[in-house]
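Notes for the structure review
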Amino acid sequence: MKKRISTHLLLLVVGLIILPFALLFVGSLLSYERVIQNELSQRIIGEVRHSNDELNRLFEKMVNLSTIFANDEDFGAEFTTRLPGSYYDHYKAFANVCRSIELQNLYDDMLDHVSIRFQDNAGLWYSNQPFSPEEQRALEQAPWVEESKRNQGFAVWNQDDGVSYARELYGLNGDIQPLGTMVVSIGQSFLWRILASYSDAEDSVVFATDERNNPVIFNPEKPVPDIASLEEGHRIVRIDDTSYLAIVFFLEPEGIASHMTFKICYLYGWDHIKARSAAMVRASAFLLFAFLVASLVIASLITSWITHPIQKLSNQMRHFLVGNSVAGPPAYRDDEIGEIERSFQQMAQNTNALFAHLEQEHKEKEHYYYESLSARLNPHFLFNTLHTMRWMAVIRKADNIRQCIDALTRILQYHLSDTSSTTLRDELTVLDSYAFIQATRFGDRISYAQEVPPELFSARMLKFSLQPIVENCWKHAFPAGQSACHIVVRARKAGGTLEIDVVDNGTGFSPEAKSRFLSHKETANGGKGGIGLSSIDRMIDLVYGRPYGVSLVDVPKGSIVRLSLPYEEGTSS
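Residues numbered from 1 in each chain as written. Predicted model: local features only at pLDDT ≥ 70, side-chain atom pairs only at ≥ 80, totals over all residues. Heavy atoms only, no water.

Section: the confidence of the model for the protein chain
Of all residues in the protein chain, 72% have pLDDT values of 70 or greater, and the mean over the chain is 76. Taken together, the stretch residues 373–378 has pLDDT below 50 and engages in three contacts with residues farther than four places along the chain or on a different chain. Segment residues 521–530 is flagged for pLDDT under 50; beyond a separation of four residues in sequence, or across chains, it makes 14 contacts in the model. (pLDDT = per-residue confidence, 0-100. Contact = heavy atoms within 4.5 Å.)

Shown next as structure tokens:
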């Protein structure tokens, strides 16, 4: 039993707890590298996307630069005159606007990295930074600059070598003729610093390309790796014998630069992460092995702790015999198993007590049976003798002797019958015969009466249960010399109980007699060899059980012996 239960319990623990957890843990270890890629990619993308707001603010400031020039009255008036030989005055107006922007400190150090170039209608260029003739000719020939001249003042953006835009500027006086063409550019190195400020790894590489995979934002001190073929997402790539986690996603600025799209490429060094993850996997595998061993040991101890007392209890139950004592548990257990052990011990004790009680009852019944056998005479010899005595009394005309013999015959016939139960009518009839014999003996000194409703005559009761009580009254209730002694038998029905009272006006029971009756050690009347009240009470208890039996009712004078029986209908014999 122990082996089967412990094996099943161990398999249950392993199958439902340890094995699923181990499989889940192994699966997590196998997918650990993939999980790291996903988590790291999401973190980096979330961090780099912060640069989207920074770039949007940067592009908005770039647009505002041309707006400041267009709204400056001195600048507009100077470039509207179109006087020949006024280049110096034009350049001075341009420089004054640049200086006012610096003085307002609206752009921090941004102007150090932003090129502001303006070409007037005479084809002359003005710039806040050195501007070579080759660069001038390149801008004049650039298609996007030419497109801006036809775009009625709306900016045209370009992503070649940084981010630039060009637009036609118009003055405040509502002239249809533009003041000239404004070109604002910001170098890719400054943009790269903004983009790279959100990457904290030393071995990481971040850059951006346009939609045609041309590098736009990158570190000028490092070459741009060729991963233009990579699609959006993350994967492991190998570049120059170094493994990287390549993360590719698109960043689209908002507002006036919303038509631009930057392809952000982030290369995160993977070799050291892989080495750290391998060490973590080995440590996790060791912890898993230790956990499995500890779990199996704990499961074995738990199953042994549960099944060992069950096996011991099973052995006790299998070898238990009535009358044998049951050993208690070696230690008190305040759980279900301890409760089972205590319940079995209580059951064994109750069983032993029940069998001892049944054995005692059996002995008492055998004792009553042998007493009744020894008390019986040969009925034929007894009745023949009484019949002879009766005819002698008839011949001699002794009617009182004949009546006594007839009463005694009825009593003997009643007691020698084979039935153990009778009706209240038959029991009262026998009492009448017994009272007649006693009245013949004592004369008018003692009177006997019955106060029983006729509807109770058919109630069933034990045979020979009233006559010994009435006999005790005749023998012991009345002291010598007392006259007018009365004995009354009353009966009533109280619910489902038949109550029969034997009442006398004698001296009553002494405290010692009551104590002996309650303890069932001796007969209540103290007699020897007779059938006392305790014997009748015991006999009723054996047949009907409690709460039926004999009880003593306290009264001021005399005594009342009450017989309580279950009320059952019957027929008279």
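A look at the pattern of salt bridges
On inspection of all chains with the given rule, the structure shows 10 salt bridges. A salt bridge links glutamate 134 to arginine 137; the shortest N-O distance between them is 3.8 Å. Here glutamate 134 pairs with arginine 137, and both are found in helix α6 (residues 133–141), just three residues apart, close to one helical turn. Between aspartate 541 and arginine 538 there is a salt bridge whose closest N-O contact spans 3.4 Å. (Salt bridge = Lys/Arg side-chain N within 4 Å of Asp/Glu carboxyl O. Helix = DSSP H or I, 4+ residues; strand = E, 2+ residues; numbered from the N terminus.)

Thoughts on a nonpolar patch on the surface
A cluster of nonpolar side chains, namely Phe289, Val293, Val297 and Leu301, defines an oily patch on the protein surface of about 390 Å² accessible area. Mapped onto the elements of the fold, leucine 301 is located in helix α9 (residues 271–318). With relative accessibility at 57%, the residue leucine 301 sits in the exposed group. (Patch = residues over 30% accessible without salt bridge, like charges linked within 9 Å, V, L, I, M, F, W, Y side chains within 5 Å. Areas by Shrake-Rupley, 256 points an atom, 1.4 Å probe, with all protein chains shown as cover. Buried < 20%, exposed > 50% of the residue type's maximum accessible area, 1.4 Å probe, protein only.)

What about helix α5 (residues 87–104)?
Since one α-helical turn is 3.6 residues long, residues separated by three or four positions face the same way. Helix length check: α5, at 18 residues, gives a terminal C-alpha distance of 26 Å against a target of 26 Å (1.5 Å per residue), a fit within 8%. Three or more residues of α5 are buried, namely His90, Ala93, Phe94, Val97, Cys98 and Ile101. Each buried residue of α5 sits inside an arc of 130° when the element is viewed along its axis, so together they form one side. In α5, those exposed residues whose orientation departs by more than 90 degrees from the buried face are Tyr88, Glu102 and Leu103. (Expected span 1.5 Å × (residues − 1). Arc of directions from axis to C-beta.)

A look at the nonpolar core
Within the largest apolar cluster, 50 residues are counted, with the highest numbers of intra-cluster contacts made by Phe69, Phe75, Phe118, Val163 and Phe262. When residues no more than four places from it in sequence are discounted, the contact partners of phenylalanine 75 are Phe69, Ala93, Phe94, Val97, Phe118, Leu169 and Leu179. Judged by nonpolar contacts, the second largest core, of 37 residues, contains Leu424, Met461, Leu466 and Ile469. (Core = buried A, V, L, I, M, F, W, Y, C linked by side-chain atoms within 4.5 Å.)

Here's the deal with the pairing of strand β8 (residues 233–239)
The side chains of a regular strand alternate between both faces of the sheet. In the sheet, β8 pairs with strand β9 (residues 242–251) via seven bridges, with the strands oriented antiparallel. Its bridge partner lying in β9, histidine 234 is registered against isoleucine 247. Linkage of β8 to β9, two consecutive antiparallel strands, is achieved through a turn of two residues, within which aspartate 240 is found at a positive phi near 55°. (Pairing = 2+ DSSP bridges.)

As for the layout of surface pockets
The rolling of a water-molecule-sized probe over the atoms marks out the regions of remaining empty space. Estimated volume of the second largest pocket: approximately 400 Å³. Arg117, Asp160, Asp161, Ser164 and Ser185 are the residues nearest the centre of the second largest pocket, which is lined by 19 residues in total. For the lining of the second largest pocket, the secondary-structure elements that each account for two or more residues are β1 (114–120), α6 and β5 (180–186). Residue composition of the lining of the second largest pocket, grouped by class: seven nonpolar, eight polar and four charged. (1 Å grid on protein atoms, 1.4 Å probe; cavity = no way out; pocket = protein on both sides within 12 Å on 5 of 7 lines; lining within 4 Å. Points joined across faces, edges and corners; volume = space filled by probe spheres on them. Nonpolar A, V, L, I, M, F, W, Y, C, P; charged D, E, K, R; others polar.)

Observations concerning the environment of histidine 113
Looking at where histidine 113 falls in the secondary structure, it is placed in the loop between α5 and β1. Residue histidine 113 is classed as partly exposed on the basis of its relative accessible area, which comes to 27%. Among residues more than four places away in sequence, those in contact with histidine 113 are Gln129, Ser185, Ile186, Gly187, Phe190 and Arg193. At 3.4 Å, the side chain of histidine 113 and the side chain of arginine 193 are in polar contact. (Polar contact = N/O pair within 3.5 Å; in protein donor to acceptor, adjacent residues only side chain to side chain.)

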